[in-house]
Amino acid sequence: LLGKKRMVPRMCKCAREEYYATKQLEENKEKQIRLESLIKNSLMDTSFYEKTFEAWDFKKGSRKMYNLGIKYVERFQELKKEGIGLLIHGDPGNGKTYLSCCIANRLLQAYTPVICVSINGLLSRIKETYNKWGDEAEADILRGLGRADLLIIDDLGTETPTDWSRSTIYNIIDSRYRSKLPLIITTNLEVDTSKTGGILAEMYGRRTEDRIFEMCTPV
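Small disclaimer: the values here were computed from a predicted structure and weren't measured.

Enquirer: How should helix α9 (residues 206-215) be read in this particular structure?
Expert: For the α-helix, the turn length of 3.6 residues means that residues three or four positions removed from each other point alike. All of the buried residues along α9 are Thr208, Glu209, Arg211, Ile212 and Met215. Buried residues along α9 cover an arc of 160 degrees about the axis, so they all sit on one side. Of the residues in α9, the exposed ones pointing more than 90 degrees away from the buried face are Arg207 and Glu214.

Enquirer: Explain the nonpolar core here, please?
Expert: One finds Leu151, Leu156, Leu183 and Leu200 to be the most contacted residues of the largest nonpolar core, which totals 26 residues. Mapped onto this core, the elements with two or more residues apiece are β2 (114-118), α5 (119-133), α6 (135-147), β3 (150-156), α7 (163-179), β4 (183-187), α8 (199-204) and α9. It is α5 that provides the largest number of residues to this core, a total of four residues. Filtering out sequence-adjacent residues up to four positions away, Leu183 remains in contact with Gly85, Leu86, Leu150, Leu151, Ile153, Ile173, Met215 and Cys216. Among the nonpolar cores identified, the runner-up in size contains 23 residues, and Trp56, Tyr66, Ile88 and Cys102 belong to it.

Enquirer: I'm lost on the pattern of salt bridges in this one. Help?
Expert: Oppositely charged side chains can form a pair if their charged atoms are brought close together. Scanning all chains against the criterion turns up nine salt bridges. Linking Glu128 and Arg125 is a salt bridge whose minimum nitrogen-to-oxygen distance equals 3.2 Å. Taken as a pair, Glu128 and Arg125 lie in helix α5 at a separation of three residues, close to a single helical turn. A relative accessible area of 10% places Arg125 in the buried class. Glu209 is the partner of Arg206 in a salt bridge, and the nearest nitrogen-oxygen pair spans 3.7 Å. One end of the pair is Arg206 and the other is Glu209, both in helix α9 and three residues apart, which spans about a single turn. Take Arg206: its relative accessible area is 46%, and that puts it in the partly exposed class. By relative accessible area, Glu209 is classed as buried at 1%. In the salt-bridge network here, residues are joined through shared partners; they are Asp174, Arg178 and Arg211.

Enquirer: Hey, could you run me through the environment of Cys216 in this one?
Expert: Here Cys216 lies in strand β5 (residues 216-218). Given a relative accessible area of 2%, Cys216 falls into the buried group. For the pair Cys216 and Ile185, spaced 31 residues apart in sequence, the C-alpha to C-alpha distance is 7.9 Å. Setting aside anything within four residues of it in sequence, one finds Cys216 in contact with Gly85, Leu86, Leu87 and Leu183.

Enquirer: I would appreciate a short explanation of helix α4 (residues 96-109) in the present structure.
Expert: Relative to the 20 Å expected for 14 residues at 1.5 Å per residue, α4 spans 20 Å between its end C-alpha atoms, a close match to the ideal helical length. Of all 14 residues in α4, ten are buried; the element is thus mostly enclosed. Every buried residue of α4 is listed here: Lys96, Leu99, Ser100, Cys101, Cys102, Ile103, Ala104, Asn105, Leu107 and Leu108. Following α4 by one or two positions, Tyr111 has its phi on the positive side, about 60 degrees.

Enquirer: Explanation requested: the packing of helix α2 (residues 63-74) against α4 in the structure shown.
Expert: Two packed helices can be described by the angle between their axes and the distance between those axes. Contact pair α2 / α4: the axes reach a minimum separation of 10 Å and the direction vectors enclose 30 degrees. What the angle tells us is that α2 and α4 run roughly parallel. Seen along the crossing, α2 lies across α4 with a hand that is right-handed. On α4, the residues touching Met65, Leu68, Gly69, Ile70, Tyr72 and Val73 of α2 are Leu99, Ile103, Arg106 and Leu107. Split by residue class, the contact of α2 with α4 holds eight nonpolar, one polar and one charged.

Enquirer: How do you make sense of the sheet that holds strand β1 (residues 85-89) when you look at a structure like this?
Expert: Pairing between sheet strands relies on hydrogen bonds along the backbone, with the strands arranged either parallel or antiparallel. Reading across from one edge, β2-β3-β4-β1-β5 is the order of the five strands in this open sheet, with parallel pairing throughout. The sheet terminates laterally at β2 and β5, the two strands that pair on one side only. Direction aside, neighbouring strands of the sheet carry axes that sit 15 degrees apart on average. One ladder, built from three bridges, connects β1 with β5; its direction is parallel. Bridge pairing links Leu87 to Pro218 in β5. Strand contacts of α4: β1, β2, β3 and β4, with the helix running at about 160 degrees to β4, the strand carrying the most contacts. Against the sheet, α9 contacts β1, β3, β4 and β5, and its axis sits at roughly 85 degrees relative to β5.

Reading the values: the criteria
Residues numbered from 1 in each chain as written. Predicted model: local features only at pLDDT ≥ 70, side-chain atom pairs only at ≥ 80, totals over all residues. Heavy atoms only, no water. Buried < 20%, exposed > 50% of the residue type's maximum accessible area, 1.4 Å probe, protein only. Helix = DSSP H or I, 4+ residues; strand = E, 2+ residues; numbered from the N terminus. Arc of directions from axis to C-beta. Core = buried A, V, L, I, M, F, W, Y, C linked by side-chain atoms within 4.5 Å. Contact = heavy atoms within 4.5 Å. Salt bridge = Lys/Arg side-chain N within 4 Å of Asp/Glu carboxyl O. Expected span 1.5 Å × (residues − 1). Axes fitted to C-alpha atoms, helices over the stretch in contact; angles between N-to-C directions. Parallel < 35°, antiparallel > 145°, perpendicular 65-115°, else oblique. Left-handed = near helix turned anticlockwise from the far one by under 90°. Nonpolar A, V, L, I, M, F, W, Y, C, P; charged D, E, K, R; others polar. Pairing = 2+ DSSP bridges.

The following block contains the structure:
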């Protein structure tokens, strides 16, 4: 350096690993703050944080669902690389939302950026932002949804069906698909996983149904 040889310190392997782990943790914290400010109409209120695996009531929720949620969290980093999510479907009141919130809370404890939002709240937020700021603001929300390590959409199928809502839902799902990031969907719709062209295709189109079945394991 400038004609002179100098000795400079170099981090050992353990120090480097600790440095990069700390750096990743800080980046995840900042990402979560940006996501929550972007998606205001989410399920992540006071009651959301009370839905945890520690508070699981086995008289109301089955052990099979509890174990599935725990397994998904434990394997999340591996599943994230493969973009594998869940399609949790069934009758109202059987704990679909509770399970998805438990998964979200356990991942948030590990500082994994997660957004958990109802489909109606999400569409309302996008429409509200679009009415105020136009296409650019809507695109910001869609990009934000694409950046979360895990996106949970609750109650798919309860929204008012319009061409705009169907197109928007497809764009959200497609952005996750192209980013190879996992998605969890809960729905009261009767989903027939043995064939294509079912209720999801009728409501959202065959392309959306194909994306959902490709990304999400039906439960």
